[in-house]
Amino acid sequence: MATNLRIAAAGVEPLILERWSPRAFDGSPIPIEDIQTIFDAARWAPSAFNSQPWRFVYARRGGEDWARFLDLLLPFNRSWADRAGLLVFILSDTLIQGPTATEPAPSHSHSFDAGAAWALLALQATRLGYHAHGMTGLDFDRTRKELAVPDRFRIEAAAAIGRIGDKSVLPEALQAREAPSGRKSVVEFSFEGALPADAR
Ligand SMILES: Cc1cc2nc3c(=O)[nH]c(=O)nc-3n(C[C@H](O)[C@H](O)[C@H](O)COP(=O)(O)O)c2cc1C
């Protein structure tokens, strides 16, 4: 499993620090059993009323959908994501039917819930020795048409998943950025009692 130099407080689960978003993938396919495990992890995310509003539409490297899915990414993302093993579009159901409701109603948390599922999926991919790289650099209008996504579903993002490769496959500018990034400190985003007056 890849390691990296991200530093966190003692006690943070190492798998969380192992996850990062490379662009240099090695072009290998992902066995179907691993794909199933990756999606199964997403299944266990929490969601409002256990509504599980996430949907994943995917194409496997070498499969008949690959070129069609790749073409929905913006050119920058296409340039590196074409060496991934799996392309996943992440959708969420904007309608929810609560336990006592008779009709579906707008959901407050469909994106929040799908984000939780994506995070578990990314961590499971990491555990299996892959990396998952999220993307919103895609053509949302064409994605809706091409993947026949009904209006009630929000297209949240896409993700490229694969085995990390040598960064020499990337253009020089991207090679320089091919490293795990840092983070804000905890005191910059967590506040006891209230947001500070100068919160932006
Ligand atoms: C919703 C979302 C959209 C993103 N869109 C893109 C993208 O279009 N292209 C890209 O190269 N990276 C994209 N990223 C990757 C982020 O830049 C990356 O997650 C962030 O810099 C933190 O780095 P890390 O994931 O390596 O920890 C996206 C990530 C997320 C979660």
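These numbers were taken from a predicted model, which means no experiment stands behind them.

Enquirer: Explain the overall build of the chain here, please?
Expert: What the chain contains, in helices and strands, is seven helices and six strands. Helices and strands appear in the chain in the N-to-C order α-α-β-α-α-β-β-β-α-β-α-β-α. Relative to the compact-globule value of 16 Å for 200 residues, the chain shows a C-alpha radius of gyration of 18 Å, a close match. By principal-axis analysis of the C-alpha atoms, the chain measures approximately 55 × 45 × 35 Å. Residues classed as buried in the chain amount to 38% of the 200 residues present. Counting only contacts in the chain whose residues sit at least 6 apart along the sequence, the fraction spanning at least 24 positions is 72%. For the chain, the accessible surface area stands at approximately 11,600 Å², while carbon and sulfur atoms represent 55% of it.

Enquirer: Hey, could you run me through the site of the ligand in this one?
Expert: Around the ligand lies a shell of 15 residues, among which Ser-21, Arg-23, Asn-77, His-133 and Arg-183 are the nearest. One nitrogen or oxygen atom from the main chain of Gly-134 is found 2.9 Å from a nitrogen atom belonging to the ligand. Look at the ligand: alone it shows 620 Å² of surface, and the protein chains cover 65% of it. Elements supplying a minimum of two residues to the shell around the ligand: helix 4 (75–81) and strand 5 (131–135). Within the shell around the ligand, the residues separate by chemical class into four nonpolar, seven polar and four charged.

Enquirer: Looking at this structure, how should I read the nonpolar core?
Expert: Within soluble globular proteins, side chains that are nonpolar tend to cluster in buried spots. Judged by nonpolar contacts, the single largest core of 24 residues is most densely connected at Leu-73, Trp-80, Ala-81, Leu-87, Phe-89, Met-135 and Ala-160. Take this core: its biggest share by element is four residues, from strand 6 (residues 153–162). Look past the residues within four positions of Trp-80 in its chain and what remains in contact with it is Pro-22, Arg-23, Phe-25, His-133, Met-135, Ala-160, Leu-170 and Leu-174. Ranked by size, the runner-up nonpolar core spans 20 residues in total, among them Leu-86, Val-88, Leu-121 and Ala-125.

Enquirer: Any chance you could explain the pattern of salt bridges here in plain terms?
Expert: Side-chain pairs of opposite charge can arise whenever the charged atoms involved come near each other. This model, assessed by the stated rule, comprises nine salt bridges. Taking the shortest distance from any N to any O, the salt bridge between Arg-68 and Asp-65 comes out at 3.0 Å. With a relative accessible area of 33%, Arg-68 lands in the partly exposed category. In this structure, Arg-142 and Asp-71 form a salt bridge, with 3.1 Å as the shortest nitrogen-oxygen distance. Of this pair, Arg-142 sits in helix 6 (residues 140–146) while Asp-71 sits in the loop between helix 3 (66–70) and helix 4, and the two are 71 residues apart along the sequence. What makes Arg-142 partly exposed here is its relative accessible area of 33%. When salt bridges with common partners are traced through the structure, they connect Arg-55, Asp-93 and Arg-152 into a single cluster.

Enquirer: Explanation requested: helix 5 (residues 110–127) in the structure shown.
Expert: Side chains of residues three or four places apart in an α-helix project in the same direction, reflecting 3.6 residues per turn. Look at helix 5: 26 Å from first C-alpha to last across 18 residues, which is about the 26 Å you get at 1.5 Å a residue. Among the residues of helix 5, those classed as buried are His-110, Asp-113, Ala-114, Ala-117, Leu-121, Ala-122, Ala-125 and Thr-126.

Enquirer: For this particular structure, what's the right way to read the pairing of strand 6?
Expert: In summary, the side chains of a regular strand alternate between the two faces of the sheet. For strand 6, the tally of buried residues reaches nine of 10 residues, placing the bulk of the element in the interior. The pairing of strand 2 (residues 86–93) with strand 6 spans eight bridges and is classified as antiparallel. Paired with Ile-90 across the bridge in strand 6 is Ala-157. The pairing of strand 5 with strand 6 spans five bridges and is antiparallel.

What counts as what
- Residues numbered from 1 in each chain as written.
- Predicted model: local features only at pLDDT ≥ 70, side-chain atom pairs only at ≥ 80, totals over all residues.
- Heavy atoms only, no water.
- Helix = DSSP H or I, 4+ residues; strand = E, 2+ residues; numbered from the N terminus.
- Rg over C-alpha atoms; globule rule 2.2 N^0.38 Å.
- Buried < 20%, exposed > 50% of the residue type's maximum accessible area, 1.4 Å probe, protein only.
- Contact = heavy atoms within 4.5 Å.
- Areas by Shrake-Rupley, 256 points an atom, 1.4 Å probe, with all protein chains shown as cover.
- Near = heavy atom within 4 Å.
- Polar contact = N/O pair within 3.5 Å; in protein donor to acceptor, adjacent residues only side chain to side chain.
- Nonpolar A, V, L, I, M, F, W, Y, C, P; charged D, E, K, R; others polar.
- Core = buried A, V, L, I, M, F, W, Y, C linked by side-chain atoms within 4.5 Å.
- Salt bridge = Lys/Arg side-chain N within 4 Å of Asp/Glu carboxyl O.
- Expected span 1.5 Å × (residues − 1).
- Pairing = 2+ DSSP bridges.

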